[in-house]
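Each chain, letter by letter, is given below.
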Amino acid sequence: MTEDHMLTAPQLHLIKATVPVLKQHGTTITSHFYRRMFARHPELQNVFNLTHQQTGAQSRSLAASVLAYAEFLDQPEFLSGMVARIAHKHASLDVLAEHYPIVGENLLAAIQEVLGDAATPEILDAWGAAYGILADIMIGVEKNLYQAAPWEGFKAFQVVQKVQESAQIVSLHLKPLDGTSIAPFKPGQYVSVRLKTEHMPYTQIRQYSLSDAPGKDTLRISVKRELAPQGSFDLQDGLLSNLLHDHIQVGDALDVHAPMGDFVLQERGRPVVLLAGGVGITPLLSMAKAAKTSEVHLLQFVMKKADHTFRDELSALQVENPQVQVTVFYTEVGADELLGIDHQDTGLISTEKLLKHVPLDADFYYCGPAGFMQAVESILDDLQVPAARRFFEAFSPTQDFKVGEVQLQG
């Protein structure tokens, strides 16, 4: 914290008092903030996910994060998890220190323009001081991440192999064009991929989990083809995922950022349980391959056989490492699909299934879509699994974070 960014007791009181107002108007303020900032700094559209802008997901995420920060401003120990996760995301996008004053200026202006006379100079000064403190923290954490990264910024990689893993998931094996070796990453981390075509007004960046173990001479990402929801007339298919599926081929080059992410395997002497919903298998497969612990249970939940990603690879892993036990669940079972061969169980995740297949004295890692994550959280709550033994990542901009014992949106 710098001398310029100190918070007085009256300012802290003002912030606490105005949290309910911002809760009421939070998404309106953050939506206005993004429109305002992009109008004045269109170059920042090269950094932000424009699809999440279209759906409003980014605005909801920012509003929730700001409110969480304000509510726990005087209890920073509750915020460390949220700060770390956001810092990794920012670092993967190459967010720089000079971006923070731009964000702060437009966020405060948005608060004033939406709330009008209710946003008094004293309130704006208090929120400005609070934002300055947060900016200092984020800049410091991100600086450390940049310094520790194996390479600076985005670097050119060549696609050396492309594999169709299932009906909707394709893997790209990437090798540095400059011929350098790949520094080990932490199992569970992701890389950012940056693309721009002649049909895209701005560069776009997306994060994809590394789906193989560290220590190889290539990086592997496994990308789900994102399709617009059925019946949606406003949303389009995922721009980058469909480009990677349909147009990027072996021999093409991609800009790839150094690995980031704090959802990583931490072997602590307990059994490890990995719960994968859909494409959430990607970081968990990396963990399963890298785990050195004596007991690993991977439960993979897929819709149907056509969606059964990494089937042969997971079977081979169990042969290579008998300590890894894989259990696959199909929601829809075809007439020619055999229990015990194609899959080991059926249906959605439940308390009964967890009790049947895994030990409860384990560390739990889970990843998947929002509905799957909510179901897992509810089950672990029912089973009284402590927050300290839960590690998770949702493939969504409005992820749930456990900060201490407090549930926050980030």
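The text that follows walks through the structure, step by step, so that each part is easy to find. (Residues numbered from 1 in each chain as written. Predicted model: local features only at pLDDT ≥ 70, side-chain atom pairs only at ≥ 80, totals over all residues. Heavy atoms only, no water.)

In this model, helix α1 (residues 9-40) (32 residues) spans only 34 Å end to end at C-alpha, well below the 46 Å of a helix rising 1.5 Å per residue. Roughly 70 degrees is the biggest bend found in α1, and it falls at His 25. (Helix = DSSP H or I, 4+ residues; strand = E, 2+ residues; numbered from the N terminus. Expected span 1.5 Å × (residues − 1). Bend = angle between axes of the 7 residues up to and from the residue.)

Formed by 70 residues in total, the largest nonpolar core has its most connected members in Leu 174, Leu 195, Leu 219, Ile 221, Leu 244 and Leu 254. Residue contacts for Leu 244: discarding those within four places in its chain leaves Lys 162, Leu 172, Leu 195, Tyr 208, Val 223 and Leu 254. Grouped together as the second largest cluster of nonpolar side chains are 24 residues, Phe 263, Phe 310, Tyr 365 and Phe 391 included. (Core = buried A, V, L, I, M, F, W, Y, C linked by side-chain atoms within 4.5 Å. Buried < 20%, exposed > 50% of the residue type's maximum accessible area, 1.4 Å probe, protein only. Contact = heavy atoms within 4.5 Å.)

This part covers the sheet that holds strand β9 (residues 324-330). Here we have six strands laid out as an open sheet, ordered β10-β9-β8-β7-β11-β12, and parallel in their pairing. Looking at strand neighbours, the two that pair on one side only are β10 (345-346) and β12 (390-394), the edges of this open sheet. One ladder, built from five bridges, connects strand β7 (residues 272-277) with strand β11 (residues 363-368); its direction is parallel. Opposite Ala 276, over in β11, you have Cys 367 as the bridge partner. Running at roughly 155 degrees to β9, helix α9 (residues 311-320) makes contact with β8 (296-302) and β9 of the sheet. (Pairing = 2+ DSSP bridges. Axes fitted to C-alpha atoms, helices over the stretch in contact; angles between N-to-C directions.)

Once that is clear, we can look at the pattern of salt bridges. Under the criterion given, the structure shown has 20 salt bridges. Here Asp 255 ties to Arg 194 by a salt bridge, and the two come within 3.3 Å at their closest N and O atoms. Taken together, the positions of Asp 255 in strand β6 (residues 253-257) and Arg 194 in strand β3 (residues 190-195) put the pair 61 residues apart, joining distant regions of the chain. Looking at Asp 255, the relative accessible area reads 27%, which means it is partly exposed. Assessed through its relative accessible area of 30%, Arg 194 is described here as partly exposed. Residue Arg 390 is joined to Glu 377 by a salt bridge in which the shortest nitrogen-to-oxygen separation is 3.1 Å. Of this pair, Arg 390 sits in strand β12 while Glu 377 is found in helix α11 (residues 370-382), placing the two residues 13 residues apart along the sequence. Neither Arg 390 nor Glu 377 differs from the other in exposure class; each is buried. One salt-bridge network, in which partners are shared between bridges, spans Asp 212, Lys 216, Arg 220, Lys 289 and Glu 313. (Salt bridge = Lys/Arg side-chain N within 4 Å of Asp/Glu carboxyl O.)

All chains considered together, the criterion is met by one cavity of 30 Å³ or more. Taken as a whole, the largest cavity holds about 80 Å³ of empty space. Surrounding the largest cavity, Leu 22, Gly 26, Ile 29, Thr 30, Ala 63, Val 66, Leu 67, Leu 107 and Ile 111 form its lining. Of all the secondary-structure elements, those providing two or more residues to the lining of the largest cavity are α1, α3 (57-71) and α5 (99-115). Top contributing element to the lining of the largest cavity by residue count: α1, with four residues. (1 Å grid on protein atoms, 1.4 Å probe; cavity = no way out; pocket = protein on both sides within 12 Å on 5 of 7 lines; lining within 4 Å. Points joined across faces, edges and corners; volume = space filled by probe spheres on them.)

Quick look at the pairing of β12 now. Counting buried positions along β12 yields five of five residues, so the element is predominantly enclosed. Of the two faces of β12, the one lined by Arg 390, Phe 392 and Ala 394 and the one lined by Phe 391 and Glu 393 are each fully buried. Judged from the five bridges that link them, β11 and β12 form a sheet pairing that is parallel. Paired with Gly 368 across the bridge in β12 is Ala 394. Crossover handedness for the path β11 to α11 to β12: right-handed. (Right-handed = clockwise from strand over helix to strand, strands pointing away.)

With respect to the element layout, His 297 can be found in strand β8. Reaching out from His 297, the side chain makes a polar contact with the side chain of Glu 295 at a distance of 2.8 Å. Residues contacting His 297, with those up to four places away along its chain left out, are Val 272, Val 273, Leu 274, Gln 325, His 357, Val 358 and Pro 359. (Polar contact = N/O pair within 3.5 Å; in protein donor to acceptor, adjacent residues only side chain to side chain.)

Two elements in contact, helix α8 (residues 281-290) and α9, have axes whose closest approach is 11 Å; the angle formed by their N-to-C orientations is 20 degrees. Between α8 and α9, the angle is such that the two are roughly parallel. Seen along the crossing, α8 lies across α9 with a hand that is left-handed. In this structure, α8 uses Ile 281, Leu 285, Ala 288 and Lys 289 to contact α9, whose residues at the interface are Glu 313, Leu 314 and Leu 317. For the contact of α8 with α9, the residue count by class is five nonpolar, no polar and two charged. (Parallel < 35°, antiparallel > 145°, perpendicular 65-115°, else oblique. Left-handed = near helix turned anticlockwise from the far one by under 90°. Nonpolar A, V, L, I, M, F, W, Y, C, P; charged D, E, K, R; others polar.)

Before going further, it helps to spend a moment on the sheet that holds β6. Strand order across the open sheet formed by six strands is β4-β3-β6-β1-β2-β5, with antiparallel pairing between neighbours. The open sheet terminates on both sides in strands that have one partner only, identified here as β4 (204-209) and β5 (219-224). Recorded for the sheet is a direction-independent mean angle of 40 degrees between the axes of neighbouring strands. Where helix α4 (residues 80-92) meets the sheet, its contacts fall on β1 (154-164), β3, β4 and β6, and the angle it forms with β3 comes to roughly 35 degrees.

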